[in-house]
Amino acid sequence: MSTRTVSATLVSMALGCVMGLTGCSRAPAAPPAATPAVTPAATAISEGETPGAAPTAQDGTSAVPTSPPTRIEAAPTEEPAFVQAREAMVVQQIERRGVSNPAVLHAMRAVARHRFVPEDYVGQAYNDHPLPIGYGQTISQPYIVAWMTELLELESDYRVLELGTGSGYQAAVLAEIVAEVYTIEIVPELEESARIRLRELGYENIQVLRADGYWGWPEHAPFDAIIVTAAPDHVPLALAQQLEEGAHLVIPIGPPGGYQSLWQFTHADGELSAREISGVRFVPFTREE
Ligand SMILES: C[S@@+](CC[C@H](N)C(=O)[O-])C[C@H]1O[C@@H](n2cnc3c(N)ncnc32)[C@H](O)[C@@H]1O
């Protein structure tokens, strides 16, 4: 991995990025050693996929993979089975691939992922791939949730913005770590179900908004970290403007329907530096007409 500090000011950098990422903040031409080449999709789905980024082939290359290491064949009915599956998920899928931040690992152990998936998929909740949540959307692969969370470099007193609430799972993981989470979802039905679910689960430090996240959430800005869980083809200007000094923006950027690059931007001294992390595959960041 490598970092390149962008010489323009924060605003002009962001304006440049509005025009598209290439040529504005891409990391040096030679790909960093830890940045794998993006490989063609073998299967149709979808999101949270990290081609070549991990030491195993279990990165969510399919919604229904053939042999996930922690597959639960039948939906367990007792909580101990879920706890066991979650522990296996953390050890085999997340720690083994290099995520080591204790707060992130604790959060991944704490959040009951099976409460965030549709009933039909409860038996696969801790498997190593994304799952459908309706409306053409997905809950991300556990590993990529943990990895993106780690890249935010969170502190317990932080206020974090997420774009793409989906099921609410990523928001819940964040809420286990930081003081306040603000999350925006564009699909009304998903926003409503996530809001209800998070309230039922007792997450009082999460606020959910139904909106086009392209504009961020200015009323609560600036944020100590911003995470985007759908892929736009450029950095929305508002997000760059709503980053606190020292804050990271973790965001997949690239063409809809293809592979994208995961980026970690950092706002420091009025500038944004950009680090290209890996090839990923996310659902498209959609816009309100
Ligand atoms: C991969 S899913 C998110 C998964 C989610 N973070 C979770 O933990 O379940 C991406 C989400 O981004 C939402 N989305 C897409 N474009 C958006 C936008 N402009 N503003 C807000 N949400 C958006 C989609 O509707 C979808 O729910």
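What counts and how
- Residues numbered from 1 in each chain as written.
- Predicted model: local features only at pLDDT ≥ 70, side-chain atom pairs only at ≥ 80, totals over all residues.
- Helix = DSSP H or I, 4+ residues; strand = E, 2+ residues; numbered from the N terminus.
- Buried ≥ 20, exposed ≤ 12 C-beta atoms within 10 Å, placed from the backbone.
- Contact = placed C-beta atoms within 7 Å.
- Near = placed C-beta within 6 Å.
- Nonpolar A, V, L, I, M, F, W, Y, C, P; charged D, E, K, R; others polar.
- Core = buried A, V, L, I, M, F, W, Y, C linked by C-beta atoms within 7 Å.
- Pairing = 2+ DSSP bridges.
- Right-handed = clockwise from strand over helix to strand, strands pointing away.
- Expected span 1.5 Å × (residues − 1).
- Axes fitted to C-alpha atoms, helices over the stretch in contact; angles between N-to-C directions.
- Left-handed = near helix turned anticlockwise from the far one by under 90°.

Details of the overall build of the protein chain
Then step 1. Check the secondary structure of the protein chain and you find seven helices and 10 strands.
Then step 2. Looking at the 289 residues of the protein chain, the share that counts as buried comes to 49%.
Then step 3. The contacts in the protein chain between residues at least 6 apart in sequence include a share of 60% that link residues at least 24 apart.

A few points about the site of the ligand
Then step 1. Surrounding the ligand, one finds 26 residues, the nearest of these being G164, G166, S167, Q170 and G213.
Then step 2. Put simply, the parts of the chain that give the shell around the ligand at least two residues each are β3 (137-139), α5 (169-175) and β5 (180-185).
Then step 3. For the shell around the ligand, the element with the most residues is β3, which contributes three residues.
Then step 4. Looking at the shell around the ligand residue by residue, the class counts come to 12 nonpolar, 10 polar and four charged.

Comments concerning the nonpolar core
Then step 1. Counting residues in hydrophobic clusters, the biggest one holds 75 residues, and the most contacted among them are V160 and I226.
Then step 2. Of the residues forming this core, the biggest block, seven residues, is contributed by helix α4 (residues 142-151).
Then step 3. Filtering out sequence-adjacent residues up to four positions away, V160 remains in contact with L152, L154, L174, V178, V181, F223, D224, A225 and I227.

Quick word on the pairing of strand β2 (residues 131-134)
Regular strands place side chains that alternate from one sheet face to the opposite one.
Then step 1. Note: β2 against β3, three bridges, orientation antiparallel. By the bridge assignment for β3, G134 is matched with Q137.

What to know about the pairing of β5
Then step 1. Burial within β5 is extensive, with five of its six residues counted as buried.
Then step 2. Examined bridge by bridge, strand β4 (residues 159-163) and β5 share five bridges and lie parallel to one another. Note on β5: the bridge partner recorded for E162 is T183.
Then step 3. Taken together, β4, α5 and β5 constitute a β-α-β crossover, and its handedness is right-handed.
Then step 4. Bridge count for β5 against strand β6 (residues 206-210) is five bridges, and the pairing is parallel. Within β6, the residue paired with I184 across the bridge is L209.
Then step 5. Following the chain from β5 across helix α6 (residues 188-200) to the adjacent parallel β6, one finds a crossover that is right-handed.

Examining helix α2 (residues 79-95)
Since one α-helical turn is 3.6 residues long, residues separated by three or four positions face the same way.
Then step 1. Over its 17 residues, α2 extends 22 Å from the first C-alpha to the last, a length consistent with the 24 Å expected when each residue adds 1.5 Å.
Then step 2. Those residues of α2 that fall on the buried side of the exposure criterion are F82, A85, R86, M89, V90, Q93 and I94.
Then step 3. On its buried side, α2 packs onto α3 (102-110) and α4.

Re the environment of E185
Then step 1. For E185, the position within the fold is in strand β5.
Then step 2. Note on E185: 29 C-beta atoms within 10 Å, which makes it buried.
Then step 3. E185 sits 23 residues away from E162 along the chain, and the two C-alpha atoms are 8.9 Å apart.
Then step 4. Here E185 is in contact with G164, T165, G166, L190, E191, A194, V208 and R210, once residues within four sequence places are set aside.

A word on the packing of α2 against α3
Then step 1. Remark: α2 packs on α3, axes separated minimally by 9 Å, with the N-to-C direction vectors making an angle of 140 degrees. As for how α2 packs across α3, the hand of that crossing is right-handed. Residues R86, E87, V90, I94 and E95 of α2 touch α3, and the partners they reach there are L105, M108 and R109.
Then step 2. Along the lines of polarity and charge, the residues of the contact of α2 with α3 split into four nonpolar, no polar and four charged.

Let's talk about the environment of I94
Then step 1. As for its position among the elements, I94 is in helix α2.
Then step 2. Looking at I94, the number of C-beta atoms within 10 Å reads 24, which means it is buried.
Then step 3. Expressed as a C-alpha distance, the spacing of I94 and V145, which sit 51 residues apart in the sequence, is 9.4 Å.
Then step 4. Among residues more than four places away in sequence, those in contact with I94 are M89, V99, L105, M108, P142, Y143 and A146.

Points about α6
Then step 1. Taking 1.5 Å of rise per residue, 13 residues should cover 18 Å, and α6 covers 18 Å from first to last C-alpha, within 8% of that figure.
Then step 2. Close packing links the buried residues of α6 with β2, β3, α5, β5 and β6.

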